[in-house]
Amino acid sequence: MKKSMKFGIVAALAAMVAAPLVPSAATAATAGAAPAATSATKSGPTSIAYVEVNNDELANVGRYQLANGANAFDVAIIFAANINWNGSKAVLYNNDKVQATLDAAATQIRPLQAKGIKVSLSILGNHQGAGIANFTTQAAAQDFASQVAATVSKYGLDGVDLDDEYADYGTNGTAQPNQQSIGWLISALRADMPGKLISFYDIGPAASSLSSSSSTIGSKLDYAWNPYYGTYSAPSIPGLGKDRLSAAAVDIQNTSQSTAVSLAQRTVSDGYGVFMTYNLPGGDRSAYVSAMTQKLYGQAATYY
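Now for a look at the structure at hand. (Residues numbered from 1 in each chain as written. Predicted model: local features only at pLDDT ≥ 70, side-chain atom pairs only at ≥ 80, totals over all residues. Heavy atoms only, no water.)

**Structural notes on the overall build of the protein chain**
Where we set the bar: Strands are runs of DSSP state E lasting at least two residues, helices are runs of H or I lasting at least four, and both sets are numbered from the N terminus onward. In this scheme, a residue with accessible area under 20% of its type's maximum is buried, one over 50% is exposed, and one in between is partly exposed, where area comes from a 1.4 Å probe on protein chains only. Each accessible area value is a Shrake-Rupley result obtained with a 1.4 Å probe; residue values ignore everything except the protein chains displayed when judging cover.
Within the protein chain, the regular secondary structure consists of nine helices and 14 strands. Residue burial in the protein chain is summarised as follows: out of 304 residues, 56% are buried. As presented, the protein chain carries roughly 10800 Å² of accessible surface, and 51% of it is formed by carbon and sulfur atoms.

**Things to note about the pattern of salt bridges**
Going by this rule: Salt bridge, as used here, is a side-chain nitrogen of Lys or Arg placed within 4 Å of a carboxyl oxygen of Asp or Glu.
Inspection of the entire model under this criterion finds four salt bridges. For the salt bridge of Asp-143 with Lys-89, the shortest nitrogen-to-oxygen distance reads 3.3 Å. Pair noted here: Asp-143 is in helix α4 (residues 138-154) and Lys-89 is in the loop between β5 (75-85) and β6 (90-93), with a separation of 54 residues, a long-range link. Using a relative accessible area of 29% as the deciding quantity, one classes Asp-143 as partly exposed. Overall, the relative accessible area of 35% leaves Lys-89 in the partly exposed class. A salt bridge links Asp-222 to Arg-190; the shortest N-O distance between them is 2.9 Å. In this pair, Asp-222 sits in the loop between α7 (215-218) and β10 (223-225) while Arg-190 sits in helix α5 (residues 181-192), placing the two residues 32 residues apart along the sequence. Given a relative accessible area of 4%, Arg-190 falls into the buried group.

**Regarding the nonpolar core**
The test is simple: Think of a nonpolar core as a cluster: buried Ala, Val, Leu, Ile, Met, Phe, Trp, Tyr and Cys residues, connected wherever their side-chain atoms sit within 4.5 Å. Contacts are assigned to residue pairs with any non-hydrogen atoms lying within 4.5 Å of each other.
One finds Ile-78, Leu-162 and Phe-200 to be the most contacted residues of the largest nonpolar core, which totals 75 residues. Looking at this core element by element, the count peaks at six residues for α4. Setting aside residues no more than four positions away along its own chain, Ile-78 makes contact with Val-51, Val-53, Leu-58, Val-98, Thr-101, Leu-102, Ile-109, Val-119, Ser-120, Leu-121, Ser-122 and Leu-157. Membership of the second largest hydrophobic core comes to 17 residues, among which are Ile-77, Tyr-201, Trp-225 and Tyr-229.

**So, the pairing of strand β9 (residues 197-201)**
The criterion, for reference: One bridge is not enough; two strands pair if DSSP finds at least two bridges between them. Crossovers are marked right-handed if the path from the first strand over the helix to the second runs clockwise, as seen with the strands pointing away from the viewer.
Across the five residues that make up β9, a large majority, five, are buried. Burial of the side chains of β9 extends over both faces: Leu-197, Ser-199 and Tyr-201 are buried on one face and Ile-198 and Phe-200 on the other. Two elements, strand β8 (residues 159-163) and β9, share five bridges in a ladder whose sense is parallel. Residue pairing in the sheet places Gly-159 in a bridge with Leu-197 of β9. Remark: the β8/α5/β9 crossover connection has right-handed handedness. Relative to β10, β9 runs parallel, the two being bridged by three bridges. Bridge pairing in β10 links Ser-199 to Tyr-223.

**Comments concerning the layout of surface pockets**
Definition in use: Two kinds of site are reported from a 1 Å grid over the protein atoms alone, namely cavities, where a 1.4 Å probe fits but cannot get out, and pockets, open sets with protein on both sides within 12 Å along at least five of seven lines, and residues are called lining when an atom falls within 4 Å of a point. Grid points are joined across faces, edges and corners, and a volume is the space filled by probe spheres set on the points. Any residue that is not Ala, Val, Leu, Ile, Met, Phe, Trp, Tyr, Cys, Pro, Asp, Glu, Lys or Arg is counted as polar, Gly included; the first ten are nonpolar and the last four charged.
What the largest pocket holds in volume is close to 180 Å³. Every residue lining the largest pocket is counted, 14 residues in all, and those nearest its centre are Trp-85, Ala-90, Asn-134, Phe-135 and Ala-140. Among the residues making up the lining of the largest pocket, the classes are represented as six nonpolar, six polar and two charged.

**Here's the deal with the side chain of Asp-164**
For the record, the criterion: Identification of polar contacts relies on pairs of N or O atoms within 3.5 Å, with a donor-acceptor requirement for protein atoms, meaning one able to donate a hydrogen and the other able to accept it, and with residues adjacent in sequence counted only if both atoms are side-chain atoms.
Along the chain, Asp-164 falls in the loop between β8 and α5. Here Tyr-169 takes part through its side chain, which lies 2.4 Å from a polar atom of the side chain of Asp-164. Polar contacts involving the side chain of Asp-164 include one to the main-chain amide nitrogen of Ala-206, which spans 2.7 Å. Among residues more than four places away in sequence, those in contact with Asp-164 are Ile-132, Ala-133, Tyr-169, Ile-203, Gly-204, Pro-205 and Ala-206.

**Considerations on α4**
Here is the rule: Residue count minus one, scaled by 1.5 Å, sets the expected span of a helix.
Over its 17 residues, α4 extends 24 Å from the first C-alpha to the last, a length consistent with the 24 Å expected when each residue adds 1.5 Å. Within the sequence span of α4, burial applies to Ala-141, Phe-144, Ala-145, Gln-147, Val-148, Ala-149, Thr-151 and Val-152. Packed against the buried residues of α4 are β5, β6, β7 (118-125), β8 and α5. The first or second residue beyond α4 is Gly-156, which carries a positive phi of 65°.

Spelled out as structure tokens, the structure:
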């Protein structure tokens, strides 16, 4: 995925991964006012909403509500923090917009969490040679995982999303991808963040490694999804069942509504447990969102 627009922007072990989401929801509220949380729930796929915080506010995810008061979206993903190279190791970096979103947790993150919406931080390369696929030792992967876990803890986030794009492996004398790197990282993150979400945007060398990894690694992930918008193709990761996969990929600002509706219908018909969307803009896109939720949950969506 690009920093401003992605072309293709990614069953748990009982004691190791978060339980499937049972989204809480918002009650009906006066038009224009953000709804408050209630115990309303919905039946259907877990709905993902990436937000380009360089352009739009994360808090907008919480303004979409189904007819029964449940949240239209279950997981909001901050897109995106970066993996930089400091000359000797990978370091987690937030641009000014990402950092501003984290610093404004009281208005951008906590209101979503109060409604039962999980908030994750997407992490991807930054053209400096460092990425999730080229840690050369388990210790190097652990070091980066510790940085990520510290950020998740500091800002009260619910997890992290891993994306193997824009690393430009080999730049600055960095190593090329290897088969072990992504497994080392996922294992370290799971150990450092018990109960937190770990999702994977299924693209890049890391995706190739995971497709042939052991089920032990895959089972430490919560979700993975197709990275190519407007298409339908489920990731194949041993240990990760279809209840944790999104075959559909929808760019809300660039995928036609008719295609989005078709992908939503196929998701339900085929029994996939996740539906991934990207690029939720500011303002009211309830007509588009509602067209999807009608297929996913049998309910229209309203924007407050």
